[in-house]
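Commentary on secondary and tertiary structure
Take a look at the letters that make up each chain.
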Amino acid sequence: MLSFLTEENQAARDTAREFASSKLRPAAQEIEQSGRLPAELFRELGRLGLLGLAVPQDYGGSGGSFLSCALAMEELSRASAALALSYGAHAFLCAHNLYARGGEAQRRKYLPKLMSGEWIGAFALTEPEAGSDAAALKTRAVRRGDRYILNGSKTFITNGSAAQIFLVFARTQRGSGRGALSLFIVERDFPGFAVGKDIPKLGTCGSPLSELHFSDCEAPAENLLGEEGGALAYMRRGLDMERAVFSGMAVGIGQAALDYSLSYAMRRRQFKRPISSFQLIQEMLAQMATEIEAARLLTCQAAWRLDRNMEASKCASFAKLFGAQMVLRATQWAVQILGGYGFTRECPVERFYRDAALSGIGGGTSQIQTLIIAGELIKEALRETKKP
Ligand SMILES: Cc1cc2nc3c(=O)[nH]c(=O)nc-3n(C[C@H](O)[C@H](O)[C@H](O)COP(=O)(O)OP(=O)(O)OC[C@H]3O[C@@H](n4cnc5c(N)ncnc54)[C@H](O)[C@@H]3O)c2cc1C
(Lines give C-alpha, C1' and ligand atoms only; values in the text may rest on other atoms or scores of the structure.)
Protein backbone atom coordinates (compact mmCIF):
# COMPACT_ATOMS: atom_id res chain seq x y z
CA MET A 1 0.00 0.00 0.00
CA LEU A 2 1.01 3.69 -0.07
CA SER A 3 2.86 3.56 -3.38
CA PHE A 4 3.97 7.21 -3.07
CA LEU A 5 6.36 6.81 -0.10
CA THR A 6 9.97 7.94 -0.55
CA GLU A 7 12.95 5.85 0.58
CA GLU A 8 13.24 8.10 3.63
CA ASN A 9 9.56 7.52 4.52
CA GLN A 10 9.92 3.75 4.09
CA ALA A 11 13.09 3.62 6.19
CA ALA A 12 11.43 5.52 9.08
CA ARG A 13 8.31 3.33 8.89
CA ASP A 14 10.33 0.09 8.74
CA THR A 15 12.54 1.12 11.68
CA ALA A 16 9.48 1.95 13.79
CA ARG A 17 7.74 -1.28 12.69
CA GLU A 18 10.72 -3.44 13.60
CA PHE A 19 11.09 -1.75 17.03
CA ALA A 20 7.33 -2.09 17.61
CA SER A 21 7.22 -5.79 16.84
CA SER A 22 10.47 -6.84 18.56
CA LYS A 23 10.49 -4.61 21.69
CA LEU A 24 7.25 -2.74 22.14
CA ARG A 25 4.43 -5.24 21.47
CA PRO A 26 5.88 -7.76 23.96
CA ALA A 27 6.01 -4.96 26.60
CA ALA A 28 2.61 -3.37 25.86
CA GLN A 29 0.52 -5.30 28.38
CA GLU A 30 3.17 -4.74 31.08
CA ILE A 31 3.19 -0.96 30.35
CA GLU A 32 -0.61 -0.94 30.68
CA GLN A 33 -0.68 -2.95 33.92
CA SER A 34 2.29 -1.33 35.69
CA GLY A 35 1.18 2.17 34.65
CA ARG A 36 4.74 3.23 33.83
CA LEU A 37 6.87 3.61 30.72
CA PRO A 38 10.22 1.81 30.72
CA ALA A 39 12.92 4.52 30.31
CA GLU A 40 15.09 2.09 28.30
CA LEU A 41 12.48 2.01 25.52
CA PHE A 42 12.82 5.78 25.14
CA ARG A 43 16.61 5.49 24.90
CA GLU A 44 16.20 2.80 22.27
CA LEU A 45 13.92 5.13 20.28
CA GLY A 46 16.74 7.69 20.54
CA ARG A 47 19.37 5.21 19.33
CA LEU A 48 17.15 4.35 16.36
CA GLY A 49 16.84 8.03 15.39
CA LEU A 50 13.06 8.09 15.93
CA LEU A 51 13.03 10.84 18.57
CA GLY A 52 14.25 13.47 16.12
CA LEU A 53 12.68 12.31 12.87
CA ALA A 54 11.93 15.83 11.60
CA VAL A 55 14.84 17.61 13.31
CA PRO A 56 17.99 18.27 11.21
CA GLN A 57 21.04 16.06 11.74
CA ASP A 58 23.09 19.07 12.96
CA TYR A 59 21.11 18.93 16.19
CA GLY A 60 21.16 15.16 16.58
CA GLY A 61 17.98 14.50 14.61
CA SER A 62 17.38 12.38 11.51
CA GLY A 63 16.49 15.21 9.11
CA GLY A 64 13.32 13.53 7.86
CA SER A 65 9.78 14.64 7.08
CA PHE A 66 6.46 14.99 8.91
CA LEU A 67 5.11 12.22 6.71
CA SER A 68 7.73 9.91 8.25
CA CYS A 69 6.68 11.12 11.72
CA ALA A 70 3.04 10.18 11.03
CA LEU A 71 4.08 6.75 9.72
CA ALA A 72 6.26 6.13 12.79
CA MET A 73 3.37 7.22 15.00
CA GLU A 74 1.12 4.67 13.29
CA GLU A 75 3.59 1.82 13.77
CA LEU A 76 4.23 2.58 17.45
CA SER A 77 0.51 3.03 18.20
CA ARG A 78 -0.20 -0.32 16.59
CA ALA A 79 1.85 -1.91 19.38
CA SER A 80 1.28 0.46 22.34
CA ALA A 81 -0.77 3.65 22.20
CA ALA A 82 0.57 4.59 25.66
CA LEU A 83 4.17 4.63 24.49
CA ALA A 84 3.16 6.32 21.23
CA LEU A 85 1.40 9.11 23.12
CA SER A 86 4.45 9.79 25.30
CA TYR A 87 6.68 9.53 22.22
CA GLY A 88 4.55 12.08 20.35
CA ALA A 89 4.45 14.53 23.25
CA HIS A 90 8.22 14.28 23.56
CA ALA A 91 9.36 14.15 19.92
CA PHE A 92 6.87 16.46 18.20
CA LEU A 93 5.15 18.66 20.78
CA CYS A 94 8.30 19.33 22.79
CA ALA A 95 11.44 18.62 20.73
CA HIS A 96 10.20 19.64 17.31
CA ASN A 97 8.52 22.81 18.56
CA LEU A 98 11.73 23.67 20.43
CA TYR A 99 13.67 23.23 17.21
CA ALA A 100 11.14 25.21 15.13
CA ARG A 101 10.96 28.22 17.48
CA GLY A 102 14.32 28.03 19.24
CA GLY A 103 17.44 30.12 18.75
CA GLU A 104 20.84 28.53 18.10
CA ALA A 105 21.89 28.48 21.79
CA GLN A 106 18.58 26.90 22.89
CA ARG A 107 18.79 24.25 20.18
CA ARG A 108 22.40 23.37 21.09
CA LYS A 109 21.62 23.24 24.80
CA TYR A 110 18.46 21.12 24.77
CA LEU A 111 18.05 19.16 21.53
CA PRO A 112 20.91 16.62 21.86
CA LYS A 113 19.54 15.42 25.24
CA LEU A 114 16.01 15.19 23.82
CA MET A 115 17.17 13.41 20.66
CA SER A 116 19.02 10.74 22.62
CA GLY A 117 16.19 10.13 25.09
CA GLU A 118 18.43 11.14 28.01
CA TRP A 119 15.81 13.79 28.83
CA ILE A 120 12.07 13.44 28.34
CA GLY A 121 10.05 16.44 27.16
CA ALA A 122 6.48 17.68 27.68
CA PHE A 123 4.23 20.36 26.22
CA ALA A 124 2.12 22.44 28.62
CA LEU A 125 -0.77 24.36 27.09
CA THR A 126 -4.01 23.14 28.73
CA GLU A 127 -5.19 24.64 32.02
CA PRO A 128 -8.07 23.81 34.36
CA GLU A 129 -10.16 26.62 32.81
CA ALA A 130 -8.64 26.68 29.30
CA GLY A 131 -9.02 23.49 27.23
CA SER A 132 -10.67 23.90 23.83
CA ASP A 133 -10.40 27.65 24.35
CA ALA A 134 -6.65 27.36 24.91
CA ALA A 135 -5.96 31.03 24.14
CA ALA A 136 -7.90 31.92 27.32
CA LEU A 137 -5.11 30.49 29.48
CA LYS A 138 -4.29 32.34 32.69
CA THR A 139 -0.73 31.36 33.62
CA ARG A 140 1.19 34.66 33.83
CA ALA A 141 4.83 35.41 33.08
CA VAL A 142 6.22 38.77 34.17
CA ARG A 143 9.71 39.94 33.24
CA ARG A 144 11.88 40.93 36.22
CA GLY A 145 15.44 41.85 35.20
CA ASP A 146 17.14 38.85 33.63
CA ARG A 147 14.28 36.44 34.38
CA TYR A 148 10.59 35.77 33.94
CA ILE A 149 8.43 34.93 36.95
CA LEU A 150 5.66 32.42 36.17
CA ASN A 151 2.49 31.86 38.20
CA GLY A 152 -0.40 29.51 37.43
CA SER A 153 -1.28 25.85 36.83
CA LYS A 154 -1.49 23.43 33.92
CA THR A 155 -3.43 20.19 33.71
CA PHE A 156 -3.60 17.05 31.55
CA ILE A 157 0.10 17.27 30.67
CA THR A 158 1.42 14.09 29.04
CA ASN A 159 4.83 13.02 30.42
CA GLY A 160 4.46 15.54 33.29
CA SER A 161 5.88 13.29 36.00
CA ALA A 162 8.57 11.80 33.73
CA ALA A 163 9.86 14.92 31.95
CA GLN A 164 12.94 17.05 32.64
CA ILE A 165 11.93 19.84 30.27
CA PHE A 166 8.59 21.53 29.56
CA LEU A 167 7.45 23.96 26.87
CA VAL A 168 5.06 26.24 28.77
CA PHE A 169 2.57 28.74 27.34
CA ALA A 170 1.99 31.81 29.51
CA ARG A 171 0.38 35.23 29.24
CA THR A 172 2.90 38.07 29.05
CA GLN A 173 0.39 40.86 28.37
CA ARG A 174 -3.11 41.62 29.51
CA GLY A 175 -5.97 41.08 27.03
CA SER A 176 -6.58 38.36 24.49
CA GLY A 177 -4.89 39.93 21.45
CA ARG A 178 -2.32 38.24 19.24
CA GLY A 179 0.59 39.58 21.30
CA ALA A 180 -0.63 38.31 24.67
CA LEU A 181 0.92 34.82 24.82
CA SER A 182 4.55 33.67 25.01
CA LEU A 183 6.30 30.32 25.17
CA PHE A 184 9.00 29.31 27.70
CA ILE A 185 11.39 26.43 28.27
CA VAL A 186 11.09 25.37 31.90
CA GLU A 187 13.45 22.82 33.44
CA ARG A 188 12.15 20.52 36.13
CA ASP A 189 14.44 21.92 38.86
CA PHE A 190 13.70 25.62 38.28
CA PRO A 191 12.75 27.26 41.61
CA GLY A 192 8.99 27.55 42.11
CA PHE A 193 8.08 24.75 39.69
CA ALA A 194 6.33 21.59 40.91
CA VAL A 195 4.72 18.57 39.24
CA GLY A 196 1.41 17.59 40.84
CA LYS A 197 -0.19 14.20 41.12
CA ASP A 198 -0.52 11.76 38.22
CA ILE A 199 -4.11 11.64 36.97
CA PRO A 200 -5.59 8.12 36.54
CA LYS A 201 -7.26 7.65 33.14
CA LEU A 202 -9.39 5.43 30.89
CA GLY A 203 -6.80 4.56 28.23
CA THR A 204 -3.16 5.01 27.16
CA CYS A 205 -2.36 3.80 30.70
CA GLY A 206 1.38 3.92 31.34
CA SER A 207 1.81 7.31 29.68
CA PRO A 208 1.84 9.70 32.65
CA LEU A 209 -0.70 12.53 32.76
CA SER A 210 -0.04 15.27 35.31
CA GLU A 211 -0.78 18.67 36.73
CA LEU A 212 1.97 21.32 36.82
CA HIS A 213 2.20 24.22 39.28
CA PHE A 214 4.13 27.48 38.93
CA SER A 215 4.49 29.51 42.11
CA ASP A 216 6.84 32.45 41.47
CA CYS A 217 8.71 30.04 39.20
CA GLU A 218 11.91 31.63 37.91
CA ALA A 219 12.90 31.05 34.28
CA PRO A 220 15.98 32.80 32.86
CA ALA A 221 15.06 35.40 30.19
CA GLU A 222 17.05 33.41 27.61
CA ASN A 223 14.49 30.60 28.04
CA LEU A 224 11.84 32.63 26.21
CA LEU A 225 11.19 30.55 23.06
CA GLY A 226 10.77 32.68 19.94
CA GLU A 227 9.47 36.20 20.35
CA GLU A 228 7.66 37.58 23.36
CA GLY A 229 3.97 37.69 22.35
CA GLY A 230 4.49 35.32 19.40
CA ALA A 231 3.05 32.17 20.92
CA LEU A 232 -0.50 32.34 19.52
CA ALA A 233 0.85 31.94 15.97
CA TYR A 234 3.25 29.18 17.15
CA MET A 235 0.32 27.43 18.82
CA ARG A 236 -1.74 27.42 15.61
CA ARG A 237 1.06 26.10 13.41
CA GLY A 238 2.09 23.62 16.13
CA LEU A 239 -1.48 22.33 16.38
CA ASP A 240 -1.62 21.65 12.61
CA MET A 241 1.53 19.56 12.98
CA GLU A 242 0.19 17.83 16.13
CA ARG A 243 -3.10 16.95 14.40
CA ALA A 244 -1.45 15.63 11.25
CA VAL A 245 1.14 13.50 13.05
CA PHE A 246 -1.12 12.29 15.89
CA SER A 247 -3.74 11.18 13.36
CA GLY A 248 -1.27 8.35 12.78
CA MET A 249 -2.19 7.17 16.28
CA ALA A 250 -5.84 6.55 15.36
CA VAL A 251 -4.70 4.69 12.23
CA GLY A 252 -2.29 2.53 14.27
CA ILE A 253 -4.87 1.61 16.92
CA GLY A 254 -7.44 0.86 14.19
CA GLN A 255 -4.94 -1.33 12.32
CA ALA A 256 -4.09 -3.23 15.53
CA ALA A 257 -7.82 -3.86 16.07
CA LEU A 258 -8.19 -5.15 12.49
CA ASP A 259 -5.05 -7.35 12.69
CA TYR A 260 -6.26 -8.99 15.89
CA SER A 261 -9.88 -9.48 14.89
CA LEU A 262 -9.05 -10.85 11.43
CA SER A 263 -6.66 -13.43 12.83
CA TYR A 264 -9.16 -14.37 15.58
CA ALA A 265 -12.05 -14.65 13.10
CA MET A 266 -10.03 -17.10 10.99
CA ARG A 267 -9.29 -19.29 14.04
CA ARG A 268 -12.56 -19.14 15.97
CA ARG A 269 -15.10 -21.78 14.88
CA GLN A 270 -18.86 -21.73 15.47
CA PHE A 271 -21.53 -23.76 13.66
CA LYS A 272 -18.62 -25.97 12.46
CA ARG A 273 -17.07 -23.13 10.45
CA PRO A 274 -14.56 -20.32 11.06
CA ILE A 275 -16.53 -17.19 11.96
CA SER A 276 -14.59 -15.38 9.16
CA SER A 277 -16.80 -17.31 6.70
CA PHE A 278 -19.94 -15.51 7.95
CA GLN A 279 -20.78 -12.55 5.76
CA LEU A 280 -21.87 -10.38 8.70
CA ILE A 281 -18.37 -10.79 10.18
CA GLN A 282 -16.80 -10.15 6.76
CA GLU A 283 -18.76 -6.91 6.48
CA MET A 284 -17.25 -5.59 9.72
CA LEU A 285 -13.73 -6.59 8.62
CA ALA A 286 -14.13 -5.00 5.19
CA GLN A 287 -15.58 -1.81 6.63
CA MET A 288 -12.74 -1.55 9.14
CA ALA A 289 -10.08 -2.03 6.45
CA THR A 290 -11.69 0.57 4.16
CA GLU A 291 -12.01 3.23 6.85
CA ILE A 292 -8.48 2.62 8.17
CA GLU A 293 -7.06 3.08 4.68
CA ALA A 294 -9.09 6.27 4.18
CA ALA A 295 -7.84 7.67 7.52
CA ARG A 296 -4.27 6.74 6.59
CA LEU A 297 -4.52 8.61 3.29
CA LEU A 298 -5.97 11.72 4.96
CA THR A 299 -3.12 11.60 7.49
CA CYS A 300 -0.52 11.29 4.74
CA GLN A 301 -2.06 14.18 2.81
CA ALA A 302 -1.98 16.51 5.83
CA ALA A 303 1.65 15.59 6.64
CA TRP A 304 2.64 15.90 2.97
CA ARG A 305 1.28 19.47 2.87
CA LEU A 306 3.11 20.40 6.07
CA ASP A 307 6.34 19.05 4.56
CA ARG A 308 5.89 21.51 1.69
CA ASN A 309 5.04 24.41 3.98
CA MET A 310 1.55 24.53 2.48
CA GLU A 311 -1.58 25.58 4.34
CA ALA A 312 -2.65 22.42 6.19
CA SER A 313 -5.30 23.37 8.79
CA LYS A 314 -8.29 21.95 6.96
CA CYS A 315 -6.48 18.76 5.90
CA ALA A 316 -5.10 18.21 9.42
CA SER A 317 -8.63 18.60 10.83
CA PHE A 318 -10.02 16.21 8.17
CA ALA A 319 -7.45 13.60 9.23
CA LYS A 320 -8.01 14.13 12.94
CA LEU A 321 -11.81 14.15 12.81
CA PHE A 322 -12.16 11.17 10.50
CA GLY A 323 -9.42 9.23 12.30
CA ALA A 324 -11.19 9.74 15.66
CA GLN A 325 -14.54 8.55 14.25
CA MET A 326 -12.94 5.63 12.41
CA VAL A 327 -11.00 4.30 15.40
CA LEU A 328 -14.06 4.31 17.69
CA ARG A 329 -16.00 2.29 15.10
CA ALA A 330 -13.08 -0.05 14.30
CA THR A 331 -12.35 -0.91 17.93
CA GLN A 332 -16.04 -1.43 18.67
CA TRP A 333 -16.32 -3.83 15.72
CA ALA A 334 -13.21 -5.62 16.96
CA VAL A 335 -14.82 -6.18 20.39
CA GLN A 336 -17.95 -7.47 18.59
CA ILE A 337 -15.97 -9.90 16.42
CA LEU A 338 -14.20 -11.30 19.47
CA GLY A 339 -17.48 -11.80 21.33
CA GLY A 340 -17.17 -12.45 25.09
CA TYR A 341 -13.39 -12.73 24.86
CA GLY A 342 -13.24 -9.19 23.40
CA PHE A 343 -14.91 -7.86 26.53
CA THR A 344 -12.30 -9.32 28.90
CA ARG A 345 -9.04 -7.90 30.17
CA GLU A 346 -7.33 -11.02 28.84
CA CYS A 347 -7.74 -9.76 25.31
CA PRO A 348 -5.87 -6.72 23.89
CA VAL A 349 -8.88 -5.39 21.95
CA GLU A 350 -10.47 -4.05 25.14
CA ARG A 351 -7.27 -1.95 25.53
CA PHE A 352 -7.56 -0.74 21.91
CA TYR A 353 -11.20 0.20 22.59
CA ARG A 354 -10.23 2.30 25.65
CA ASP A 355 -7.16 3.82 23.94
CA ALA A 356 -9.30 4.86 20.95
CA ALA A 357 -11.36 7.33 23.00
CA LEU A 358 -8.45 9.78 23.27
CA SER A 359 -8.42 10.45 19.52
CA GLY A 360 -11.56 12.59 19.75
CA ILE A 361 -10.23 14.63 22.69
CA GLY A 362 -6.45 15.34 22.75
CA GLY A 363 -5.00 18.04 20.48
CA GLY A 364 -8.46 19.55 19.92
CA THR A 365 -11.75 17.66 20.26
CA SER A 366 -13.81 16.35 17.34
CA GLN A 367 -16.24 19.24 17.83
CA ILE A 368 -13.38 21.74 17.46
CA GLN A 369 -12.14 19.96 14.29
CA THR A 370 -15.68 20.19 12.90
CA LEU A 371 -15.77 23.94 13.59
CA ILE A 372 -12.37 24.43 11.92
CA ILE A 373 -13.46 22.54 8.79
CA ALA A 374 -16.75 24.44 8.56
CA GLY A 375 -14.92 27.76 9.08
CA GLU A 376 -12.48 26.94 6.26
CA LEU A 377 -15.33 25.92 3.92
CA ILE A 378 -17.12 29.21 4.53
CA LYS A 379 -13.89 31.22 4.04
CA GLU A 380 -13.25 29.44 0.73
CA ALA A 381 -16.82 30.05 -0.44
CA LEU A 382 -16.58 33.76 0.43
CA ARG A 383 -13.29 34.00 -1.52
CA GLU A 384 -15.02 32.41 -4.52
CA THR A 385 -17.92 34.88 -4.41
CA LYS A 386 -15.48 37.83 -4.40
CA LYS A 387 -13.72 36.59 -7.57
CA PRO A 388 -14.52 38.73 -10.59
C1 LIG B 1 -4.72 11.71 27.72
C2 LIG B 1 -4.62 13.20 27.46
C3 LIG B 1 -3.39 13.75 27.16
C4 LIG B 1 -3.27 15.15 27.00
N5 LIG B 1 -2.01 15.68 26.81
C6 LIG B 1 -1.88 17.03 26.77
C7 LIG B 1 -0.57 17.63 26.71
O8 LIG B 1 0.46 16.93 26.67
N9 LIG B 1 -0.47 18.98 26.73
C10 LIG B 1 -1.58 19.80 26.79
O11 LIG B 1 -1.41 21.01 26.81
N12 LIG B 1 -2.83 19.25 26.84
C13 LIG B 1 -3.01 17.91 26.84
N14 LIG B 1 -4.27 17.35 26.93
C15 LIG B 1 -5.44 18.23 26.98
C16 LIG B 1 -6.30 18.20 25.74
O17 LIG B 1 -5.68 18.89 24.68
C18 LIG B 1 -7.67 18.81 26.14
O19 LIG B 1 -8.30 17.85 27.00
C20 LIG B 1 -8.55 19.10 24.95
O21 LIG B 1 -8.05 20.17 24.19
C22 LIG B 1 -10.00 19.43 25.37
O23 LIG B 1 -10.03 20.37 26.40
P24 LIG B 1 -10.89 20.08 27.73
O25 LIG B 1 -10.52 18.73 28.22
O26 LIG B 1 -10.72 21.22 28.66
O27 LIG B 1 -12.39 20.01 27.24
P28 LIG B 1 -13.41 21.24 27.07
O29 LIG B 1 -12.78 22.31 26.25
O30 LIG B 1 -13.95 21.62 28.41
O31 LIG B 1 -14.56 20.57 26.22
C32 LIG B 1 -15.64 19.80 26.81
C33 LIG B 1 -16.63 19.48 25.71
O34 LIG B 1 -17.16 20.70 25.16
C35 LIG B 1 -16.96 20.72 23.75
N36 LIG B 1 -16.72 22.10 23.29
C37 LIG B 1 -15.84 23.01 23.76
N38 LIG B 1 -15.90 24.14 23.07
C39 LIG B 1 -16.85 23.94 22.11
C40 LIG B 1 -17.39 24.74 21.04
N41 LIG B 1 -16.95 25.98 20.79
N42 LIG B 1 -18.38 24.21 20.26
C43 LIG B 1 -18.84 22.95 20.49
N44 LIG B 1 -18.37 22.15 21.47
C45 LIG B 1 -17.39 22.63 22.26
C46 LIG B 1 -15.74 19.82 23.51
O47 LIG B 1 -15.69 19.35 22.18
C48 LIG B 1 -15.99 18.73 24.53
O49 LIG B 1 -16.91 17.81 24.00
C50 LIG B 1 -4.42 15.97 27.07
C51 LIG B 1 -5.67 15.40 27.34
C52 LIG B 1 -5.78 14.04 27.54
C53 LIG B 1 -7.14 13.45 27.87
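Residues numbered from 1 in each chain as written. Predicted model: local features only at pLDDT ≥ 70, side-chain atom pairs only at ≥ 80, totals over all residues. Heavy atoms only, no water.

1. Comments concerning the environment of Phe246
- Relative to the assigned elements, Phe246 resides in helix H6 (residues 231–267).
- We classify Phe246 as buried; its relative accessible area is 14%.
- Separated by 143 residues in sequence, Phe246 and Gly103 place their C-alpha atoms 26 Å apart.
- Beyond its immediate chain neighbours, meaning those up to four positions away, Phe246 contacts Met73, Leu85, Gly88, Ala89 and Leu93. (Helix = DSSP H or I, 4+ residues; strand = E, 2+ residues; numbered from the N terminus. Buried < 20%, exposed > 50% of the residue type's maximum accessible area, 1.4 Å probe, protein only. Contact = heavy atoms within 4.5 Å.)

2. Brief notes about the packing of helix H7 (residues 279–307) against helix H8 (residues 313–342)
- Running from N to C, H7 and H8 point in directions that differ by 160 degrees, and their axes come no closer than 9 Å. In terms of axis orientation, H7 runs roughly antiparallel to H8. As H7 runs across H8, the sense of the crossing is left-handed. (Axes fitted to C-alpha atoms, helices over the stretch in contact; angles between N-to-C directions. Parallel < 35°, antiparallel > 145°, perpendicular 65-115°, else oblique. Left-handed = near helix turned anticlockwise from the far one by under 90°.)

3. So, helix H5 (residues 104–116)
- Over its 13 residues, H5 runs 18 Å from end to end, which matches the ideal 18 Å to within 8%, given 1.5 Å per residue.
- The sharpest bend along H5 measures roughly 35 degrees and falls at Tyr110, with the proline Pro112 sitting one to four residues further on.
- For H5, the complete set of buried residues consists of Gln106, Arg107, Tyr110, Leu111, Leu114 and Met115.
- Just past H5, the residue Gly117 takes up positive phi, approximately 85 degrees. (Expected span 1.5 Å × (residues − 1). Bend = angle between axes of the 7 residues up to and from the residue.)

4. Structural notes on the pattern of salt bridges
- Applying the stated criterion across every chain, the model contains 21 salt bridges.
- Residues Asp14 and Arg13 are paired through a salt bridge, measuring 3.4 Å at the closest nitrogen-oxygen approach.
- Notably, a salt bridge pairs Arg147 with Glu218, separated by 3.2 Å at the nearest N-O pair. In this pair, Arg147 sits in strand S3 (residues 147–158) while Glu218 sits in strand S7 (residues 209–220), placing the two residues 71 residues apart along the sequence. (Salt bridge = Lys/Arg side-chain N within 4 Å of Asp/Glu carboxyl O.)

5. With respect to H6
- Here H6 is 37 residues long and its end C-alpha atoms lie 53 Å apart, about the 54 Å a rise of 1.5 Å per residue gives.
- Most of H6 sits inside the fold, with 28 of its 37 residues counted as buried.

6. A few points about the domain arrangement of the chain
- Here the chain is described as being made up of domain 1 (7–119), domain 2 (123–229) and domain 3 (232–381).
- Of note, the centres of domain 2 and domain 3, computed from C-alpha atoms alone, are 30 Å apart.
- Listed by partner, the interface residues are 15 residues for domain 2 and 11 residues for domain 3.
- Connecting domain 2 to domain 3 are 0 salt bridges.
- Looking at the side of domain 2 that touches domain 3 residue by residue, the class counts come to 9 nonpolar, 4 polar and 2 charged. (Domains from an automatic or database assignment. Nonpolar A, V, L, I, M, F, W, Y, C, P; charged D, E, K, R; others polar.)

7. Let's talk about the site of the ligand
- Contacts to the ligand come from 17 residues, most closely from Thr126, Ser132, Phe156, Thr365 and Gln367.
- Within the side chain of Ser132, one N or O atom sits 2.6 Å away from an oxygen atom of the ligand.
- Relative to its free-state accessible area of 970 Å², the ligand is covered by the protein chains to the extent of 64%.
- Elements represented by at least two residues in the shell around the ligand include exactly S3 and helix H10 (366–386). (Near = heavy atom within 4 Å. Polar contact = N/O pair within 3.5 Å; in protein donor to acceptor, adjacent residues only side chain to side chain. Areas by Shrake-Rupley, 256 points an atom, 1.4 Å probe, with all protein chains shown as cover.)

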